[in-house]
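Below, each chain spelled out in residue letters.
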Amino acid sequence: MPWVTVGEADAPQSWPSYLCHGLISFLGFLLLLITFPISGWFALKIVPTYERMIVFRLGRIRTPQGPGMVLLLPFIDSFQRVDLRTRAFNVPPCKLASKDGAVLSVGADVQFRIWDPVLSVMTVKDLNMATRMTAQNAMTKALLKRPLREIQMEKLKISDQLLLEINDVTRAWGLEVDRVELAVEAVLQPPQDSPAGPSLDSTLQQLALHFLGGGLSSVAGGASPPGPADTLEMVSEVEQPVPHVGAGLSPKQPVAEGLLNALQPSLSEALVSQVGACYQFNVILPSGTQSIYFLDLTTGHGRVGHGVPDGTPDVVVEMAEADLRALLCRELRPLGAYMSGRLKVKGDLAVAMKLEAVLRALK
């Protein structure tokens, strides 16, 4: 058995040290015999079958003791119990970003056991904490290299890979991981390049299109363009941008005008019960001032207007007026605006995604 490896690797004692060690050990035995049986209550320890006792005599480690009865010398020996049974812990769910930009909450369940009690005591001070950190780091590195679909479809394969990577580290500590089970708790944000799931950026972009729909229609002489009014086509950044139609907007028609006209007729009790949140929109004007609007879908039929809401908003959306016009004219990609900080969202992401219900009500 490899349990004596660490003890054998200790530096050999010099003859004065060996002589002092033997003399002090003899005096300890003598004191134990003189005070017996009273000292037996303190010197005799019972070690169950599933444990081993690591004894340090004058600072030097001895061969693991147990199971059964173990004799300890008073004032000389110190000991530490090591549990050899299989134990488990869970890596708490944490937010990670996959290779394709999805944000997901992922945790893991890990089962482990100690196969070498000497190494487990000598190499790591806090074995449980070190194993938890190793498992969490391995999980993070493995998921950052994979897209969301692969994580969902190949959880067993990823778990087996995590098992091998964790064992490569922990076996040197006398610990062996028996099982790793990856758990995907929730997908907080769909992949950025996935056409199936609506992203937060596209939702805000469609909402802005509704807010300024009346103003954009007036540029074409008041006639509405054919097709659905709430359709927004995404184009590649390498294509030629559409001419900046925002320059033809009449300064007499403010942003608030389109906001109120687009939202007010669509508010209802059904929409309030479905969304149940309050939104604040901060539009930064070229002069540096902010134009603030609110959409309160918490009570009654809902309210929309200029200024801050009565209570604390659940989500605050902030953007410059020029960036808002650029989004509508397809000169700026929503993802690029969001990642560069030109479009800012403050608040709960899940509540912000409920803006999709508002867009459906506007159709």
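Computed from a predicted model, the values in this text were never measured in an experiment.

Here is what the cut-offs are and how they apply
- Residues numbered from 1 in each chain as written.
- Predicted model: local features only at pLDDT ≥ 70, side-chain atom pairs only at ≥ 80, totals over all residues.
- Heavy atoms only, no water.
- Helix = DSSP H or I, 4+ residues; strand = E, 2+ residues; numbered from the N terminus.
- Buried < 20%, exposed > 50% of the residue type's maximum accessible area, 1.4 Å probe, protein only.
- Contact = heavy atoms within 4.5 Å.
- Pairing = 2+ DSSP bridges.
- Axes fitted to C-alpha atoms, helices over the stretch in contact; angles between N-to-C directions.
- Core = buried A, V, L, I, M, F, W, Y, C linked by side-chain atoms within 4.5 Å.
- Domains from an automatic or database assignment.
- Parallel < 35°, antiparallel > 145°, perpendicular 65-115°, else oblique.
- Left-handed = near helix turned anticlockwise from the far one by under 90°.
- Nonpolar A, V, L, I, M, F, W, Y, C, P; charged D, E, K, R; others polar.
- Expected span 1.5 Å × (residues − 1).
- Phe/Tyr/Trp six-rings, centres within 6.5 Å; stacked < 30°, edge-to-face > 60°.
- Lys NZ or Arg CZ within 6 Å of the ring centre and 35° of its normal.

S.K.: Looking at this structure, how should I read the overall build of the protein?
M.R.: The helix and strand inventory of the protein stands at 15 helices and 13 strands. The buried share of the protein, taken over its 363 residues, is 40%.

S.K.: I keep staring at the side chain of Ser98 and nothing clicks. Help me out?
M.R.: Tracing the backbone through its elements, the reader meets Ser98 in the loop between strand S6 (87-97) and strand S7 (103-114). Other than its neighbours up to four places away in sequence, Ser98 contacts Leu104, Leu143, Leu144, Arg146, Pro147, Leu148 and Ile151.

S.K.: Would you mind showing me how to read the sheet that holds S7 here?
M.R.: Sheet strands associate in pairs through backbone hydrogen bonding, adopting either a parallel or an antiparallel arrangement. Spatial strand order, S6-S7-S8: 3 strands in an open sheet with antiparallel pairing. Two strands close off the open sheet at either side, each with one partner strand: S6 and strand S8 (175-189). Mean inter-strand twist for the sheet, computed between neighbouring axes without regard to direction, equals 15 degrees. The pairing of S7 with S8 spans 12 bridges and is antiparallel. Across the sheet, Leu104 pairs through a bridge with Val187, a residue of S8.

S.K.: I would appreciate a short explanation of the sheet that holds strand S2 (residues 51-57) in the present structure.
M.R.: On the basis of which strands lie adjacent, the open sheet formed by 3 strands has the order S3-S2-S5 and antiparallel pairing. What marks the edges here is a single partner per strand, and that holds for strand S3 (60-61) and strand S5 (77-83). Pairing between S2 and S3: 2 bridges, direction antiparallel. Note on S3: the bridge partner recorded for Arg57 is Arg60.

S.K.: Whenever I open this one, the nonpolar core confuses me. Can you help?
M.R.: One finds Met139, Leu143, Leu162, Val177 and Leu182 to be the most contacted residues of the largest nonpolar core, which totals 36 residues. Looking at this core, the elements with two or more residues in it are S2, S6, S7, helix H4 (117-122), helix H5 (127-144), helix H6 (148-153), helix H7 (155-170) and S8. It is H5 that provides the largest number of residues to this core, a total of 7 residues. Mapping this core onto the domain boundaries places at least three of its residues in each of domain 1 (20-83) and domain 2 (87-189). One finds Val272, Ala277, Met319 and Leu355 within the second-largest nonpolar core, a separate group that totals 17 residues.

S.K.: Sorry if this is basic, but what is going on with the packing of H5 against H7 here?
M.R.: The relative placement of two packed helices comes down to the angle between their axes together with the axis-to-axis distance. H7 packs onto H5 with a crossing angle of 135 degrees between their chain directions and a minimal axis gap of 10 Å. In terms of orientation, H5 lies oblique with respect to H7. The crossing of H5 and H7 is right-handed. Here Thr131, Thr134, Ala135, Ala138, Met139, Ala142 and Leu143 of H5 lie close against H7, whose contacting residues are Ile158, Leu162, Glu165, Ile166, Val169 and Thr170. Of the residues that constitute the contact of H5 with H7, the class distribution is 9 nonpolar, 3 polar and 1 charged.

S.K.: Would you take a moment to explain helix H2 (residues 15-34) for this structure?
M.R.: Structurally, the α-helix is built with 3.6 residues per turn, so residues lying three or four positions apart point the same way. The end-to-end C-alpha distance of H2, which contains 20 residues, comes to 28 Å, matching closely the 28 Å that a straight helix rising 1.5 Å per residue would cover. Turning to H2, the residues buried within the fold contact helix H3 (40-43), S2 and strand S4 (68-71).

S.K.: Help me understand the environment of Val308, please; the structure alone is not making it clear to me.
M.R.: Mapping Val308 onto the fold places it in the loop between strand S11 (303-306) and strand S12 (315-320). For the pair Val308 and Leu295, spaced 13 residues apart in the sequence, the C-alpha separation amounts to 9.2 Å. The residues contacting Val308, other than those within four sequence positions of it, are Gln280, Ile292 and Phe294.

S.K.: Quick question: what am I supposed to make of H7 here?
M.R.: Between its first and last C-alpha atoms H7 spans 22 Å; for 16 residues at 1.5 Å apiece the expected length is 22 Å, and the two agree. The complete set of buried residues in H7 reads Ile158, Ser159, Leu162, Leu163, Ile166, Asn167 and Thr170. Residues of H7 that are buried in the fold lie against H5, H6 and S8.

S.K.: What am I meant to see in the packing of aromatic side chains here?
M.R.: Think of a pair of aromatic rings as described by two things: how far the centres are apart, and how the planes are tilted against each other in angle. All chains considered together, the criterion is met by 1 aromatic pair. The ring of Tyr50 carries Arg85 above its face, with NZ or CZ at 3.8 Å from the centroid. One Lys or Arg, Arg171, reaches over the ring of Trp115 and ends 5.0 Å from the middle of that ring.

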